[in-house]
Amino acid sequence: MVAPEIPLLAELDRLEAALLAAPVSDSARSALSGRLQTLVAKWNGTTTQVDETADRLSTATVDDLFDFIDNALSHGDSRS
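For the confidence of the model for the protein chain, give the residues involved together with the corresponding values.
Averaged over all residues, the pLDDT of the protein chain equals 80, while 85% of them reach at least 70. At the level of individual helices and strands, the protein chain shows its lowest average pLDDT in helix α3 (residues 49–58), which scores 70, and its highest in helix α1 (residues 5–21), which scores 91.

Describe in detail a nonpolar patch on the surface, supporting the description with residues and values.
A contiguous nonpolar surface patch, about 660 Å² in accessible area, is contributed by Ile 6, Leu 9, Leu 12, Leu 15, Leu 19, Leu 32, Leu 36 and Leu 39. Elements with a contribution of two residues or more to the nonpolar patch: α1 and α2 (26–44). One can find Leu 36 in helix α2.

Cut-off values and rules
- Residues numbered from 1 in each chain as written.
- Predicted model: local features only at pLDDT ≥ 70, side-chain atom pairs only at ≥ 80, totals over all residues.
- Heavy atoms only, no water.
- pLDDT = per-residue confidence, 0-100.
- Helix = DSSP H or I, 4+ residues; strand = E, 2+ residues; numbered from the N terminus.
- Patch = residues over 30% accessible without salt bridge, like charges linked within 9 Å, V, L, I, M, F, W, Y side chains within 5 Å.
- Areas by Shrake-Rupley, 256 points an atom, 1.4 Å probe, with all protein chains shown as cover.
- Salt bridge = Lys/Arg side-chain N within 4 Å of Asp/Glu carboxyl O.

See the structure below:
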């Protein structure tokens with residue numbers, strides 16, 4: 001009987017090879033890194049709202065970023 005983690009380790013090996021072989025831009029590398037960090041946090045049970053927000057921001061468009069900033073500033077104004 002094969003230990004259940006062995007297929008997962010093989011999948012990680014395949015993912016590692018694919019990531020290292022892929023020619024990606026800096027922005028794509030950043031987005032992939034954010035997703036991988038979020039995945040590790042979820043796996044470890046340490047994911048937080050900050051992790052999820054960081055993941056969303058790493059893949060956001062310019063319009064998304066401005067909406068995020070506008071939303072954050074409008075919430076900041078309501079506390080004053």
